[in-house]
Amino acid sequence: MGSIMGSLFVCCIAMLFTLCFGADPFANFELEYSYITVSPLGVSQQVIAVNGKFPGPVLNVTTNYNVVVSVKNELDENLLVTWSGIQMRRTSWQDGVLGTNCPIPAKWNFTYQFQVKDQIGSFFYFPSINMQRAAGGFGSFIVTNRNIIPIPFSPPDGDIVITIGDWYTRSHKALRKDLDDGKKLAMPDGVLINGKGPYRYNNTLVPDGIDYETINVDPGKTYRVRVHNVGSSTCLNFRIQNHNLLLVETEGYYTSQQNYTSVDIHVGQSYTFLVTMDQNASSDYYVVASARFVNQTIWQKVTGVAVLHYSNSKGKATGPLPDPPNDVYDTSYALNQAMSIRQNVSASGARPNPQGSFHYGQINVTDVYLLKSVPPVSIDGKLRATYNGISFKNPATPMRLADVYYVKGDYKLDFPTKPMNRPSKVDTSIINATYKGFIEVVLQNNDTVVQSFHMDGYSFFVVGMGFGEWTENNRGSYNRWDAISRSTTQVFPGGWTAVLLSLDNVGVWNLRSENLDRWYLGQETYMRIINPEDHSNKTELPVPENVLYCGALASKQKKQKTSSATSIFGSSELYFTLLLVFSAVISLLC
């Protein structure tokens, strides 16, 4: 009898997956977060590893796959993992930020489950709380095309994944304490490429004994090179000595194909290039990631250097590094490069239709939000960062969970649409957005540093950038035809960036500065998008059965169970009951 029930249960599981997700396959991963000791800059330090690796493993899936990621938290503090650029259609429950998820306690497990619906491209995952990304915990997340959808270039001969980022030899806890004590983050100690320090291109600037990254290639072949800036706060200029970078994709969208000798990659951004190994291999070549928009003389030692090694190379890389952009007195250079990145409107994306068929420039804007940032200020004796004079305080109970369980007073839907003439304050204030609205967000950066702005759950069209204060007259310069769609954009100091997006993804979604210090100090908010007519979970999936509870709902949280099956789904009896309910619903819908 037991074996019959077991077989029936397995069949029911398969049936439920079919009902919920159709014929789309599943990709399963296990990620264990723990500390290891490494010395990327010659100083022994504790970093956050994933499955014992620093950086973490590459997660590679295909469009429309259902992704199941079991995360084991072996750290000594809470953890959340977020999936930068993955849109989490209909399920902000899986987004992995404090406004939507309770943190995973130390020594606990949690399983994320989401579908990479209609997405392709280069993304990355990372820990989203407690400044942990400054200690590691990140890795590449790649979504490849289905075979039936052609890519807009010849298939490359191989894939190369590169993570770049500024790096501190002090722990993320020490950096966190500095910010708590009202101090600014000091200059980083270096830049890492794939978790390793710089090749010794200069005996004065680079000490001996540093382990550097070597990228092995074959002459004549073309490689797809995916580059992620996973750092804390520094824009990096990426270049490969004597090689062109043919840009083909960024954060899930194909670009018009242009060659660059170097590209500025801002914090949180991801780019994909095609690089052809067309040099004579008289020696190895430098791969460089150097700081931008800083005093180059002082920051000279903060440079990441790897080695591109041809299989027929005749010697080691020598001589000076390839020059960075020479635009100290030309503020337009970086802006022009950013605006030169356009969408490929004739290429199919995840679906067999041109990406440009969505004529965003012809849609009437329903709401305008102007988000202004300024240098951090003291609020009630604490250093805080703000948007529109509000420094965000995360609620005790994740906001959408508070909605479902009628927790009152957890947050306020009163975030101002523009800066207010009043003292700055700490508040849990979010944007009450309109479902199916088409909005304009203007990011005004009156801070002294270049910033990255990111929005979870969406991509947006980057239609305009400029210096000075934004005015309505600037709309005349917007790109309303082939602006790139992405989830992370730069905002230059003393300048503005304008984006457009269609609010078709129900949930509560984080808007933030990707600069870790500004984010930690409160420069974020959320956008709540609810379909008032959805009474059958057609536009938003229900609360996951394995959801974690905290805050006002902490009493609902049961002790972590040891079985992975029960920790994900609960008891067999409960799961069978859910199956019957789902089957009944599907029968009614059919």
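Residues numbered from 1 in each chain as written. Predicted model: local features only at pLDDT ≥ 70, side-chain atom pairs only at ≥ 80, totals over all residues. Heavy atoms only, no water.

**Q** Got a sec to walk through the packing of aromatic side chains? Specific residues and values, please.
**A** By the definition in use, this model includes 25 aromatic pairs. Between the aromatic rings of Phe54 and Phe138, the centroid separation amounts to 6.0 Å while the plane-to-plane angle is 50 degrees, which identifies the pairing as tilted. Note that Phe54 is positioned in the loop between strand 2 (45–50) and strand 3 (59–62) and Phe138 in the loop between strand 7 (121–127) and strand 8 (139–144), a separation of 84 residues in sequence. You'll find Phe54 and Phe138 in the same group, each marked buried. With centroids separated by 5.0 Å and ring planes inclined at 85 degrees, the aromatic side chains of Phe110 and Tyr112 adopt a geometry described as edge-to-face. Given the relative accessible area of 9%, Phe110 is considered buried. Through a chain of ring-to-ring contacts, the aromatic side chains of Trp83, Phe110, Tyr112, Phe114, Tyr125 and Phe141 assemble into a single cluster. In this structure, Lys556 packs its charged tip against the face of Tyr549, placed 5.4 Å from the ring centre. (Phe/Tyr/Trp six-rings, centres within 6.5 Å; stacked < 30°, edge-to-face > 60°. Helix = DSSP H or I, 4+ residues; strand = E, 2+ residues; numbered from the N terminus. Buried < 20%, exposed > 50% of the residue type's maximum accessible area, 1.4 Å probe, protein only. Lys NZ or Arg CZ within 6 Å of the ring centre and 35° of its normal.)

**Q** How would you sum up the pairing of strand 30 (residues 488–491)? Please name residues and give values.
**A** Side chains of strand 30 alternate between two faces, with Thr488 and Gln490 and Thr489 and Val491 buried alike. Note that strand 27 (residues 451–455) and strand 30 share 4 bridges and pair antiparallel. Of the residues in strand 30, the one forming a bridge with Ser452 is Gln490. (Pairing = 2+ DSSP bridges.)

**Q** Describe the state of the cysteines, naming the residues involved and giving the relevant values.
**A** Overall, the coordinates contain 1 disulfide when judged by the stated rule. The side chain of Cys102 participates in a disulfide bridge whose partner is Cys550; the two sulfur atoms lie 2.1 Å from each other. As the torsion about the S-S bond is roughly -85 degrees, the Cys102-Cys550 disulfide counts as left-handed. One end of the pair, Cys102, is in the loop between strand 5 (81–84) and strand 6 (109–115); the other, Cys550, is in the loop between strand 33 (524–530) and helix 6 (564–569), and 448 residues separate them in sequence. Here Cys102 falls in the buried class, since its relative accessible area comes to 5%. The buried category is assigned to Cys550, whose relative accessible area is 17%. (Disulfide = S-S within 2.5 Å.)

**Q** So what's going on with the side chain of Ser128? Residues and values would help.
**A** Summarising the element assignment, Ser128 is placed in the loop between strand 7 and strand 8. Among the polar contacts listed, one links the side chain of Ser128 to the backbone oxygen of Gly96, at a separation of 2.7 Å. Among residues more than four places away in sequence, those in contact with Ser128 are Leu80, Thr82, Gly96, Val97 and Trp519. (Polar contact = N/O pair within 3.5 Å; in protein donor to acceptor, adjacent residues only side chain to side chain. Contact = heavy atoms within 4.5 Å.)

**Q** Tell me about the confidence of the model for the protein chain, residues and numbers included.
**A** Considering every residue of the protein chain, the mean pLDDT works out to 91; 90% of them sit at 70 or more. Throughout residues 1–22 the model reports pLDDT below 50, and contacts reaching past four residues in sequence, or to other chains, amount to 19 contacts. Taken together, the stretch residues 562–590 has pLDDT below 50 and engages in 28 contacts with residues farther than four places along the chain or on a different chain. (pLDDT = per-residue confidence, 0-100.)

**Q** With reference to specific residues and values, describe the pairing of strand 4 (residues 66–73).
**A** Along a regular strand, successive side chains alternate from one face of the sheet to the other. In terms of residue burial, strand 4 counts as a mostly covered element, since 6 of its 8 residues are buried. Relative to strand 4, strand 1 (residues 26–38) runs parallel, the two sharing 8 bridges. Each bridged residue has a counterpart across the sheet, and for Glu32 the counterpart in strand 4 is Lys72. Here strand 4 runs beside strand 6; their pairing, made up of 7 bridges, is antiparallel. By the bridge assignment for strand 6, Val67 is matched with Phe114.

**Q** Lay out the sheet that holds strand 32 (residues 507–513) with the relevant residues and their values.
**A** Working definition: the strands of a sheet are paired by backbone hydrogen bonds and lie parallel or antiparallel to each other. The strand order 25-33-32-27-30 describes an open sheet built from 5 strands, whose pairing is mixed. The open sheet has two edge strands, strand 25 (431–434) and strand 30, and neither has a second partner. Neighbour to neighbour, the strand axes of the sheet diverge by 25 degrees on average, direction disregarded. Across 3 bridges, strand 27 lies against strand 32 in antiparallel orientation. Bridge pairing in strand 32 places Phe453 opposite Ser513. (Axes fitted to C-alpha atoms, helices over the stretch in contact; angles between N-to-C directions.)

**Q** For the sheet that holds strand 19 (residues 303–310), give the residues involved together with the corresponding values.
**A** Reading across the sheet, the 5 strands line up as 11-19-18-13-16 and stay open at both edges, with mixed pairing between neighbours. Every interior strand has two partners, whereas the edge strands, strand 11 (214–217) and strand 16 (263–265), have only one. Between one strand axis and the next, the sheet turns by 25 degrees as a mean value, whatever way the strands run.

**Q** Which residues make up the environment of Val426, and what values do they have?
**A** Within the secondary structure, Val426 sits in strand 24 (residues 425–427). Put simply, Val426 and Ile379 are 47 residues apart on the chain and 7.3 Å apart in space, counted from C-alpha to C-alpha. Those residues in contact with Val426 that lie beyond four places of it in its chain are Ile379, Arg384, Ser391 and Lys393.

**Q** Hey, could you go over the pattern of salt bridges for me, with residue numbers and the actual values?
**A** Scanning all chains against the criterion turns up 30 salt bridges. Two residues, Glu32 and Lys72, come together in a salt bridge whose shortest N-O distance is 3.9 Å. Of the two residues, Glu32 sits in strand 1 while Lys72 sits in strand 4, which places them 40 residues apart along the sequence. Using a relative accessible area of 34% as the deciding quantity, one classes Lys72 as partly exposed. Of the charged contacts in the structure, one is a salt bridge between Asp447 and Arg518, with a shortest N-O distance of 2.8 Å. Taken together, the residues span a long stretch of sequence, with Asp447 in the loop between strand 26 (438–445) and strand 27 and Arg518 in helix 5 (residues 516–520) at a distance of 71 residues. The pair formed by Asp447 and Arg518 is uniform in burial state, with each residue classed as buried. (Salt bridge = Lys/Arg side-chain N within 4 Å of Asp/Glu carboxyl O.)

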